[in-house]
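Descriptive analysis of the structure
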Amino acid sequence: MKAADFLAQTRQLPLASREDLTGNAPIVVLSPHPDDETLGMGGLIKQATDAGQQVDVVLITDGAGSHPHSAMYPPIKLVALRKQEVLDAASLLGLPPSSLHHLDLPDAQTPRSGPDFDVAVQTVTDLMTRRGARNLFVTWQHDPHCDHETAAAMAEAAITRVPEAKLWSYPIWGWHLDPDAELPGAPGGYRLDIAGQQAVKARAIAAHRSQMTDLIADDPDGFRFTDKTLAPFLGSFEYYLERRT
């Protein structure tokens, strides 16, 4: 199926509630970078915390690769900034600092195998077991970014160790695939109405200032979201794909 058709069908997935998606059980979110959880799942996270659900976010990378040539924000300073940003966003979404778990792997260099990969998988597995989580959410395996692909592989490995749990994907960069790219199968999953959380989610996204503004202005190769790349995350729905897609 062409990516354009796949994504059009994704936008028309049937509606489900937070309860339908999570069963009111604790959830674990696997985020490649300190902002993907806010972009893709900010509405669901806020609904869950408002309902008293336990939500944990495992952040795979340190975020230091977004502005690699900045003198104002060398790697150590940039990592500290991005950790503060994710704390600020999490607070708006109802998450305490204890719900954020940093693996601090290198941005854009995440491993697909080996000791660091195994530690990450074990961290997710242990957290799910300790919390009694029945749902693991991760960025979509077809997101065209190496760290997102690694995150999906980590989630696949972790879910095999928690067979009673379900794996869901949330698209980030997949929204901007080449329309003619071929994808296997058709989308399966649900839309979540987040109109009630839309405004607070937008504030949480804005808390990631280094990614949303010209705060770091001395790196011409530095990353920043544009109106186009940010648009999929500012609407009144979020989209959750069953991992079989």
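Structural data are supplied above this passage.
Heads up: these notes are all about the structure in this document. Just so you know, these numbers come straight off a predicted model, no measurement behind them. The residue count restarts for each chain, going from 1 along the sequence in the order it is written. Predicted model: local features are reported for residues with pLDDT of at least 70 only, side-chain atom pairs are reported and counted for 80 or more only, and whole-chain, interface and lining totals are derived from all residues. The basis for every side-chain value is the complete set of heavy atoms in the structure, and neither hydrogens nor water enter the calculation.

What follows deals with the overall build of the protein chain. A count of helices and strands for the protein chain gives 9 helices and 8 strands. The C-alpha atoms of the protein chain give a radius of gyration of 17 Å, which matches the 18 Å a tight globule of 245 residues would have. Here the term buried applies to any residue with accessible area under 20% of the maximum for its type, exposed to any over 50%, and partly exposed to those in between, with areas from a 1.4 Å probe on protein chains only. Sorting the 245 residues of the protein chain into buried and exposed places 54% on the buried side. Should any heavy atoms of two residues lie within 4.5 Å, those residues are counted as being in contact. When contacts within the protein chain are restricted to residue pairs at least 6 apart in sequence, long-range pairs at least 24 apart make up 85% of them. The distance from the centre of the 21 positive side-chain charges to the centre of the 32 negative ones in the protein chain is 5 Å. Helix and strand assignments come from DSSP, with helices taken as H or I runs of at least 4 residues and strands as E runs of at least 2, each series counted from the N terminus. Only the C-alpha atoms count toward the radius of gyration. The rule for a globule is 2.2 Å times the residue count to the power 0.38. His is not counted, nor are the chain ends, whereas Lys and Arg count as positive and Asp and Glu as negative. All charge positions are set by atom: Lys at NZ, Arg at CZ, Asp at CG, Glu at CD.

In summary, the pairing rule links any two rings of Phe, Tyr or Trp, Trp by its six-membered ring, whose centres are within 6.5 Å, and it sorts them by plane angle into stacked for under 30 degrees, edge-to-face for over 60 and tilted for everything else. This structure, assessed with the given rule, holds 8 aromatic pairs. Taking the centre distance of 5.0 Å and the plane angle of 85° together, the rings of Phe-223 and Phe-225 count as edge-to-face. Given a relative accessible area of 28%, Phe-223 falls into the partly exposed group. Counting every residue linked through ring pairs, the aromatic cluster contains Phe-137, Trp-168, Tyr-190 and Tyr-240.

Turning our eyes to something else, we now look at the sheet that holds strand E6 (residues 166–170). For two strands to be treated as a pair, DSSP must find at least two bridges joining them. The 8 strands lie next to each other as E1-E7-E8-E6-E5-E2-E3-E4, forming an open sheet whose pairing is mixed. Looking at the sheet topology across the chains shown, the edges are occupied by strand E1 (15–16) and strand E4 (100–105). Two strands pair when backbone bridges link them, and strand E7 (residues 189–193) and strand E8 (residues 237–242) are joined in this way by 5 bridges, in the antiparallel orientation. The residue bridging Gly-189 from the neighbouring strand is Leu-241, located in E8. Packing against the sheet, helix H5 (residues 115–131) makes contact with strand E2 (27–31), strand E3 (55–61), E4 and strand E5 (135–139), and its axis sits at approximately 175° to E4. The convention used is that axes are lines fitted to C-alpha atoms, helices contributing only their stretch in contact, and that angles between N-to-C directions extend from 0 to 180 degrees.

It is worth spelling out the pattern of salt bridges at this point. We define a salt bridge as a contact between a side-chain nitrogen of Lys or Arg and a carboxyl oxygen of Asp or Glu at a distance within 4 Å. Here the structure, examined in full by the defined rule, presents 12 salt bridges. For Lys-46, the salt bridge is made with Asp-50, and the minimal N-O distance between the two is 3.2 Å. Residue Lys-46 and its partner Asp-50 are both found in helix H3 (residues 36–50); the two are separated by 4 residues, about one turn of the helix. Classification of Asp-50 by relative accessible area gives exposed; the value is 53%.

Look at H3 against helix H7 (residues 198–206): their axes get within 9 Å of each other, and the N-to-C directions meet at 140°. Put simply, H3 runs oblique to H7. Of the two possible hands of crossing, H3 and H7 adopt the one that is right-handed. In this structure, H3 contributes Thr-38, Leu-39, Gly-40, Gly-42, Gly-43 and Lys-46 to the contact, and H7 contributes Val-200, Lys-201, Ala-204 and Ile-205. Of the residues contributing to the contact of H3 with H7, the split by class is 4 nonpolar, 4 polar and 2 charged. Each angle gets one of four labels, with under 35 degrees taken as roughly parallel, over 145 as roughly antiparallel, 65 to 115 as roughly perpendicular, and the rest as oblique. Note on convention: near helix rotated counterclockwise from far helix by under a right angle means a left-handed crossing. Clockwise means right-handed. For this scheme, ten residues count as nonpolar: Ala, Val, Leu, Ile, Met, Phe, Trp, Tyr, Cys and Pro. Four count as charged, namely Asp, Glu, Lys and Arg, and the remainder, Gly too, count as polar.

Below, the discussion takes up the side chain of His-208. On the secondary structure map, His-208 appears in the loop between H7 and helix H8 (209–212). What qualifies as a polar contact is a pair of N or O atoms within 3.5 Å, subject to a donor-acceptor requirement within protein and to the restriction that residues adjacent in sequence count only when both atoms come from side chains. A polar contact is formed between the side chain of His-208 and the backbone oxygen of Pro-34, at a distance of 3.1 Å. With residues up to four places along the chain from it excluded, the contact list for His-208 reads Pro-34, Asp-35, Glu-37, Thr-38, Glu-85, Val-86 and Ala-89.

What follows deals with the nonpolar core. By size, the foremost hydrophobic cluster in this structure holds 43 residues, and its most contacted members are Leu-39, Met-41, Phe-137, Phe-233 and Tyr-240. Residue assignment for this core shows that the elements contributing at least two residues are helix H1 (3–10), E2, H3, E3, helix H4 (75–92), E6, H7 and E8. If you tally residues by element for this core, the top one is H3, at 5 residues. Ignoring sequence-local partners within four residues, the contact set of Leu-39 consists of Ile-172, Lys-201, Ile-205, Met-212, Phe-225, Leu-230 and Phe-233. Val-58, Leu-136, Val-138 and Ala-158 belong to the second-largest nonpolar core, a separate cluster that totals 22 residues. Definition used in this section: a nonpolar core is a set of buried Ala, Val, Leu, Ile, Met, Phe, Trp, Tyr and Cys residues joined via side-chain atoms within 4.5 Å.

For the rest of this paragraph, the subject is H1. Taken together, the buried positions of H1 are Ala-3, Phe-6, Leu-7 and Thr-10. Seen end-on, H1 carries its buried residues on one side only, within an arc spanning 90°. On its buried face, H1 sits against E7 and E8. By construction, the arc corresponds to the directions joining the helix axis to the C-beta atoms.

In this section: the packing of H5 against helix H6 (residues 146–159). At a minimum axis distance of 9 Å, the contact between H5 and H6 shows a crossing angle of 55°. Of the possible angle classes, the one that applies to H5 and H6 is oblique. For the pair H5 and H6, the sense of crossing is right-handed. Seen from H5, the contacting residues are Phe-117, Ala-120, Val-121, Val-124, Thr-125 and Met-128; seen from H6, they are Thr-150, Ala-153, Met-154, Ala-157, Ala-158 and Ile-159. Looking at the contact of H5 with H6 residue by residue, the classes come out as 10 nonpolar, 2 polar and no charged.

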